[in-house]
Amino acid sequence: MAEFILPSGNVIPQLGLGSWYMGEDPRSRQQEIDALRFGIEYGAKLIDCAEMYGEGEAERIAGEAMAGYRDRLYVVSKFYPHNASREGVIAACERSLTRLNTDHLDLYLLHWSGTVPFEETLEALYQLKTQGKIRDYGVSNLDIDELEDFCAADKVGLCATDQVLYNLSHREPEWAVKPFCDKRNMAMMAYCPLDQGALVHHPELITIAERHQATAAQIALAWLTRQKGVVAIPKSSSIARTKENLDSVKIVLTEEDIRELDKAFPAPVNEHEGRIAIR
Ligand code: NAP
């Protein structure tokens, strides 16, 4: 599985497991644990969580799924902007660590921008990093102006990522956010890599998938993870679809595939088209 070296020197895997919507229905709990656990045993190295998902329940589910496997995993979580004060970040991190049943997060993200000054949030993140409670820090859903402001406020200069909506149907980050991340050797995490399932029905993807004896979902994921520094985090509560998504690493897209994908899903051509969307 491809990996990427972050500004801190730590390494982030380029494909992982999402967890949004997990923990919301107690009747699906065991199925969600089983899907994540299968994914980990099948070779997934990254789990993406947030205190928001199921109001903490997704982190508990991830904690149960990764029991016994913590050492081989890269664990990401996120705090609410209303917890972005100096004390708020520290307390939110402690709660996430407890729910995930771990002593550290590999990456901790501001979920979206709020009213707390970035400088204050960063002070808390530096403290957590010094204490070994987080290995890296970053942001999510920041547009290019906000990302520039965050990185300008970051005296330590080790912002690891901006996690944004990025998939074949949403190529907006290619306009400014991706070039910014590339320049600073930051990863760009692609959330909703399957456009919440919509991409699996796209005729062009299905045509290309047939050439590879693959599925449309696998082509959509392979298109993301072939890009340097892009990390895809598809979510599935099904063992079969988790396996399918992880098997996307076996696909090597050809120049012809890329040309056809660029035609069917054009890249942004101006600032307006390059304005990032938020889900
Ligand atoms: P997604 O991964 O693009 O799509 C998930 C949906 O697609 C689910 O309904 C899933 O259903 C289905 N699916 C998964 N694999 C499939 C396959 N191989 N074939 C057909 N359908 C498939 O969307 P997402 O969950 O919204 O985004 C992924 C992760 O990114 C989230 O779970 C979360 O960790 C993160 N995220 C972050 C933010 C942020 O603000 N930072 C926002 C959104 C998401 P089943 O579960 O039934 O398989």
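Data block above holds the structure.
Residues numbered from 1 in each chain as written. Predicted model: local features only at pLDDT ≥ 70, side-chain atom pairs only at ≥ 80, totals over all residues. Heavy atoms only, no water.

Draft legend 1. The arrangement of the pattern of salt bridges in detail. Per the stated rule, a full pass over the model turns up 19 salt bridges. The salt bridge partner of Arg-37 is Glu-41, with a shortest N-O separation of 3.6 Å. Of this pair, Arg-37 and Glu-41 both sit in helix H1 (residues 29-42), 4 residues apart, which is roughly one turn of the helix. Shared partners join several salt bridges into a network, and the residues in it are Arg-29, Glu-57, Arg-60 and Glu-64. (Salt bridge = Lys/Arg side-chain N within 4 Å of Asp/Glu carboxyl O. Helix = DSSP H or I, 4+ residues; strand = E, 2+ residues; numbered from the N terminus.)

Draft legend 2. Broad picture of the side chain of Asp-106. Residue placement: Asp-106 occurs in the loop between helix H3 (86-100) and strand E5 (107-110). Among the polar contacts listed, one links the side chain of Asp-106 to the side chain of Arg-70, at a separation of 2.9 Å. A polar contact is formed between the side chain of Asp-106 and the backbone nitrogen of Val-75, at a distance of 2.8 Å. If sequence neighbours within four positions are ignored, Asp-106 has contacts with Arg-70, Leu-73, Tyr-74, Val-75, Arg-135 and Asp-136. (Polar contact = N/O pair within 3.5 Å; in protein donor to acceptor, adjacent residues only side chain to side chain. Contact = heavy atoms within 4.5 Å.)

Draft legend 3. Focus on the pairing of E5. What you see with E5 is no split at all: Leu-107 and Leu-109 on one side and Tyr-108 and Leu-110 on the other are buried throughout. In this structure, strand E4 (residues 74-79) lies alongside E5, joined through 4 bridges in parallel fashion. Note that in E5 the partner of Ser-77 across the bridge is Tyr-108. (Buried < 20%, exposed > 50% of the residue type's maximum accessible area, 1.4 Å probe, protein only. Pairing = 2+ DSSP bridges.)

Draft legend 4. Structural context of a negative patch on the surface. Together, Glu-119, Asp-145, Glu-148, Asp-149 and Glu-271 make up a negatively charged patch on the protein surface. Considering the arrangement of structural elements, one finds Glu-271 in the segment after helix H10 (255-264). For Glu-271, a relative accessible area of 57% gives the class exposed. (Patch = residues over 30% accessible without salt bridge, like charges linked within 9 Å, V, L, I, M, F, W, Y side chains within 5 Å. Areas by Shrake-Rupley, 256 points an atom, 1.4 Å probe, with all protein chains shown as cover. Lys, Arg positive; Asp, Glu negative; His and termini not counted. Charge placed at Lys NZ, Arg CZ, Asp CG, Glu CD.)

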